[in-house]
Amino acid sequence: MLLKAYHAWGERFVERLNGMFAFALWERDSGRVLLGRDRLGIKPLYYADVPGGLRFASTLPALLAGGGLDTSIDPVGLHHYLSFHAVVPAPHTLIQGVRKLAPGTLMRVEADGRRTEQTFWSLDYARSAEDENRSFDDWRDMLLGALRAAVRRRLVADVPVGALLSGGVDSSLIVGLMSEAGVSNMRTYNVGFEDVGGEKGNEFEYAEIVAQRFGTVHERIFVPEAELLRRLPEAIEAMSEPMVSHDCIGFYLLSEAVSRHSKVVQSGQGADEVFGGYHWYPALQGSHQPVQDYLAAFRDRDHAEYAQTVQPQYLTGDCSADWVQAHFAGAGADDPVEKALRLDTTVMLVDDPVKRVDNMTMAFGLEARVPFLDHELVELAARIPVRHKLAGGGKGILKEAARQVVPSAVIDRPKGYFPVPALKYLQGNVLANVRDALSSRAARERGLFQQDTVDRLLADPMAHITPLRGSKLWQLGLLEQWLQTHLPA
């Protein structure tokens, strides 16, 4: 299909595609190669310069396996990793010799090695006077229509399409719309963990409400903590880049279980970024210092703390703050909230939850489709005024659309967030593994981190938590474990 489209329309054929893709097209006669990645970066594309050529792959470790690359740590990538909870925006990665193509981008490589890039899609928050004056109810109905179309598009498959059903609004709405579209005997899946220290480890009861409402074939997957920790090295091996989010291992084990019965599922990633579901969006309303306010809410450590964490050779200036400044200054988003929404939708979402789900599902040959990242839906959402998105504490317009489809009990409840306690607080065997990794000979020879900072974090992991409730020690330990897994001495 891609070859025929390229033949018919040339490079502009990508403008006619809807969905997730990453491709490489080779012209036999000219020797030209065209690389491309979908608008929202759902599918990855990594590349590396090698003597006399260019190497590309869908995972970073695949490029490393070929050898012959500069495997030193990229200082800019490291700064981003430790600032944005493991997000390293394209084109950088943590590895100096490996780069990644940005979402919505084409790279043309001529036979003589000359290379050019072209952005074929960007997200614009401009709206007409008609958009600004349209009523909340009209926006709700337009949004619901666009969601229905996005879900229907992702039902086209040679096999039955199931759904990951967390029990939250987003995944519940997807299930409801799939049922509306005529999916019968739908298989739905929910993962949960043990309750620890008064923290609830699952949303089984809410997923059950939705499963019963739509008559799905529902499977609860309960993961004991001992099993979760035992399988953690496998999840790290499946990471194309190091990912510090607590639920990576949960998604890994969920994907293993789901793949026994389903080969394609729909998933609810992206709704919080597209429709304003996070706590820092209301705080940015009317901000006169949007860059500083965003960084205060989102960044794991400021540059001064970063300088105390890494060895001096990795200091580059505050490149992460500079990068946010440049992104916020770009045309197409004037409102402070919309600047943050665009950054989160086109970058932070791409290199955290979307990459996480893609890596963990593809480890078991499971295809996860994300209707909230249908680019036509995302473009429509960008036109919806901020006040409608932030209504009702966040995602107001989406929640009211969902109310037409799913039970209110799923909508009118606190947002769930269930970290893996052992990874949030670093106790027991996980803490011992992190200590071993950071004190190993490989870590000493690599020399990434200042020892006094490592010692201080190890002495009291609970005292060093990021603004978004992540463990600063886990960020260091996970990176070292990933490097030891994919770059063994």
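Residues numbered from 1 in each chain as written. Predicted model: local features only at pLDDT ≥ 70, side-chain atom pairs only at ≥ 80, totals over all residues. Heavy atoms only, no water.

## A short note on the sheet that holds strand E5 (residues 99-100)
Which entries qualify depends on this criterion: Note: two strands are recorded as paired if DSSP finds a minimum of 2 bridges between them. Strands are runs of DSSP state E lasting at least two residues, helices are runs of H or I lasting at least four, and both sets are numbered from the N terminus onward.
Across the sheet, which stays open at both edges, the 3 strands sit in the order E4-E3-E5 with antiparallel pairing between neighbours. The sheet terminates laterally at strand E4 (53-57) and E5, the two strands that pair on one side only. With 5 bridges joining them, strand E3 (residues 46-50) and E4 adopt antiparallel strand pairing. From the neighbouring strand, Tyr-46 faces E4, where its bridge partner is Ala-57.

## A short note on empty space enclosed by the protein
Gaps between atoms show up when a probe of the same size as a water molecule is rolled over them. Worth spelling out the cut-off: Think of a 1 Å grid over just the protein atoms. A cavity is a set of points where a 1.4 Å probe fits yet cannot get out, a pocket is an open set with protein on both sides within 12 Å along at least five of seven lines, and lining residues have an atom within 4 Å of a point. Grid points are joined across faces, edges and corners, and a volume is the space filled by probe spheres set on the points. All residues other than Ala, Val, Leu, Ile, Met, Phe, Trp, Tyr, Cys, Pro, Asp, Glu, Lys and Arg, Gly among them, are scored as polar; the first ten of these are nonpolar and the last four charged.
Taken as a whole and judged by the stated rule, the model has 6 cavities of 30 Å³ or more. Approximately 80 Å³ is the volume attributed to the largest cavity. Class assignment of the residues belonging to the lining of the largest cavity gives a composition of 6 nonpolar, 2 polar and 7 charged.

## With respect to the environment of Thr-116
Threshold: We call two residues in contact when some of their heavy atoms are within 4.5 Å. Counting of polar contacts relies on pairs of N or O atoms within 3.5 Å, with two restrictions inside protein: one atom must be capable of donating a hydrogen and the other of accepting it, and residues adjacent in sequence are counted only when both atoms are side-chain atoms.
Looking at the element boundaries, Thr-116 is found in strand E7 (residues 115-119). Each C-alpha atom, one on Thr-116 and one on Leu-106, is 8.3 Å from the other, the two residues being 10 residues apart in sequence. In this structure, Thr-116 is in contact with Leu-106, Met-107 and Arg-108, ignoring residues within four places of it in sequence. At 2.6 Å, the side chain of Thr-116 forms a polar contact with the side chain of Arg-108.

## A closer look at the pairing of E3
Where E3 folds back onto E4 in an antiparallel hairpin, the turn is made up of 2 residues, including Gly-52, whose phi is positive at roughly 80°. Pairing between E3 and E5: 2 bridges, direction antiparallel. Counterpart to Tyr-47 in the pairing with E5 is Arg-99.

## Observations concerning the side chain of Arg-154
As a reminder, the rule being used: Relative accessibility under 20% of the residue-type maximum defines a buried residue, over 50% an exposed one, and the middle range a partly exposed one, all with a 1.4 Å probe and only protein chains included.
Within the secondary structure, Arg-154 is located in the loop between helix H5 (136-153) and strand E8 (161-164). Looking at Arg-154, the relative accessible area reads 7%, which means it is buried.

## A word on the packing of helix H13 (residues 290-298) against helix H16 (residues 336-348)
When two helices pack together, their arrangement is captured by the angle between the axes and the distance separating the axes. Using the following cut-off: Here an angle of 0 to 180 degrees is reported between the N-to-C directions of two axes, which are lines fitted to C-alpha atoms, with helices fitted over the stretch in contact. In what follows, roughly perpendicular refers to angles from 65 to 115 degrees, roughly parallel to angles under 35, roughly antiparallel to angles over 145, and oblique to any angle outside these ranges. Whether a crossing is left-handed or right-handed is set by the direction in which the near helix is turned from the far one by less than a right angle, anticlockwise for left-handed and clockwise for right-handed.
Orientation of H13 relative to H16, taken along the N-to-C sense of each, is 50°, at an axis distance of 10 Å. Taken together, the axis directions place H13 and H16 in an arrangement best described as oblique. As H13 runs across H16, the sense of the crossing is right-handed. Across the interface between the two elements, Pro-290, Tyr-294 and Phe-298 of H13 pack against Pro-336, Ala-340, Leu-343, Asp-344 and Met-348 of H16. Here the residues of the contact of H13 with H16 sort into 7 nonpolar, no polar and 1 charged.

## Digging into helix H26 (residues 472-486)
Basically, it comes down to this: In this scheme, a helix's expected span is set at 1.5 Å multiplied by one less than its residue total.
For H26, with 15 residues, the first-to-last C-alpha span of 22 Å sits near the 21 Å given by 1.5 Å per residue. Capping the start of H26, Ser-471 holds a side-chain oxygen 3.3 Å from the backbone nitrogen of Leu-473, two or three residues further along.

## Focus: unusual backbone geometry
Note that the residue after Ala-90, namely Pro-91, is joined by a cis bond; omega there is 10°. With respect to the helices and strands, Pro-91 occurs in the loop between helix H3 (75-83) and E5. One non-glycine residue, Asn-185, adopts positive backbone phi at about 50°. Relative to the assigned elements, Asn-185 resides in the loop between helix H6 (169-180) and strand E9 (187-193). The exposure class assigned to Asn-185 is exposed, which follows from its relative accessible area of 64%. A positive phi angle is found at Lys-395, which is not glycine, with a value near 60°. Within the secondary structure, Lys-395 sits in the loop between helix H19 (386-389) and helix H20 (396-402).

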